[in-house]
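Fold and geometry: a report
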Amino acid sequence: MISTATKTLQTNNKTIYVALLSTLTFFLFLDYIPGLEAWSAWVTPPVALFLGLIFALTCGQAHPKFNKKTSKYLLQYSVVGLGFGMNLHSALASGKEGMEFTVISVIGTLVIGWFIGRKLFKIDRNTAYLISSGTAICGGSAIAAVGPVLRAKDSEMSVALGTIFILNAIALFIFPMIGHALNMDQQQFGTWAAIAIHDTSSVVGAGAAYGEEALKVATTIKLTRALWIIPMAFATSFIFKSKGQKISIPWFIFFFVLAMVVNTYLLGGVPQLGAAINGIARKTLTITMFFIGASLSIDVLRAVGVKPLVQGVLLWVVISLSTLAYIYFV
């Protein structure tokens, strides 16, 4: 039985959680009230993620199921909404360079990650492959798609997701700082973030923190990269002889492209509508960062362990440095 003290603590934690979420939302939407716009400037994706992380690490997970489900769908809706702020031709042109590098980087990351995980650290097959897949394509989405094909255990999925999630949280903070330190322009940073950061949420968050053009480039390249989930899942099924497993297709990516098409060809006469949808999407993305941060807990950190985390870090360093080299020297 749960003691009265424990119930009281859980109630207090949930109250703090709701208060933080309500405060973030309140200040975000002050942006729509004339004269109060400046009050919402401090609520950025990194700040929202940081508040979620602090809450989770000090108070635990108040609403784990709600966090997981809401962050998943709110992120997808936010990404689609961002499409209404982009011109199809400009987005494709700005992301062309990164797309050319996608094929090499995806395959290379999978091979290097497998070598680090299996050969160097002797990590079990499924965990090593899941971490490599998450790093190569789009973090948690790739792991969620490939896991059932591998028939991965819940523990293996948790370790892989935990590893990728920890590195995502770090990336959202340090990538913009590194970009500014290296004097990267918007195009360069967007390309780098899209390829070197695992999850779509952190890519979009880092791009938004760096600048408007960086956000467009990062989002376009990342979602193009995410389409590799489909062939990778089929290839995984063939390599590991897994038959009859359902493959999860990221349909929201196609809706993102559709949103760009609508904005480019149908909303040309009313650009205010596309801008309004895009503005709301940016705010819901910031709220999504809080949900994602609040999903990390001490238990998740303990479950990851040292070896999978080291594999993830080493692979992350390799892909980050190789992408930088490509951007500057190719």
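Scroll up to find the structure this text is about.
This section reports on the structure supplied with the text. (Residues numbered from 1 in each chain as written. Predicted model: local features only at pLDDT ≥ 70, side-chain atom pairs only at ≥ 80, totals over all residues. Heavy atoms only, no water.)

Remarks on the environment of Phe101
Locating Phe101 in the fold gives a position in helix 4 (residues 88–120). Spatially, the C-alpha atoms of Phe101 and Trp114 are 20 Å apart, while their sequence positions differ by 13 residues. The contact partners of Phe101, leaving out residues within four places of it in the chain, are Ile195, Ser322, Thr323 and Tyr326. (Helix = DSSP H or I, 4+ residues; strand = E, 2+ residues; numbered from the N terminus. Contact = heavy atoms within 4.5 Å.)

A few points about unusual backbone geometry
Backbone geometry places Lys122, a non-glycine residue, at a positive phi of 55 degrees. Relative to the helices and strands, Lys122 resides in the loop between helix 4 and helix 5 (125–136). For Lys122, a relative accessible area of 61% translates into the label exposed. In the Ramachandran plot, Asn183 falls in the positive-phi region, its phi being about 55 degrees despite a non-glycine side chain. Tracing the backbone shows Asn183 in the loop between helix 7 (154–181) and helix 8 (186–196). Residue Asn183 is classed as exposed on the basis of its relative accessible area, which comes to 67%. (Buried < 20%, exposed > 50% of the residue type's maximum accessible area, 1.4 Å probe, protein only.)

Observations concerning empty space enclosed by the protein
Overall, the coordinates contain one cavity of 30 Å³ or more when judged by the stated rule. Reported here for the largest cavity is a volume of approximately 30 Å³. What lines the largest cavity is Leu82, Gly85, Met86, Glu212, Leu215, Lys216, Asn278 and Arg282. Mapped by element, the contributors of at least two residues to the lining of the largest cavity are helix 10 (212–226) and helix 13 (271–293). The element that contributes the greatest number of residues to the lining of the largest cavity is helix 10, accounting for three residues. When grouped by side-chain class, the residues that make up the lining of the largest cavity number three nonpolar, two polar and three charged. (1 Å grid on protein atoms, 1.4 Å probe; cavity = no way out; pocket = protein on both sides within 12 Å on 5 of 7 lines; lining within 4 Å. Points joined across faces, edges and corners; volume = space filled by probe spheres on them. Nonpolar A, V, L, I, M, F, W, Y, C, P; charged D, E, K, R; others polar.)

Digging into the pattern of salt bridges
Summed over all chains, the structure comprises two salt bridges. The partner of Asp31 in a salt bridge is Lys283, and the shortest N-O contact between them spans 3.0 Å. In this pair, Asp31 is assigned in the loop between helix 1 (4–28) and helix 2 (45–59) and Lys283 in helix 13, connecting sequence segments 252 residues apart. For Asp31, a relative accessible area of 31% puts it in the partly exposed group. One salt bridge connects Arg282 with Glu212, and the closest N-O pair in it is separated by 2.7 Å. (Salt bridge = Lys/Arg side-chain N within 4 Å of Asp/Glu carboxyl O.)

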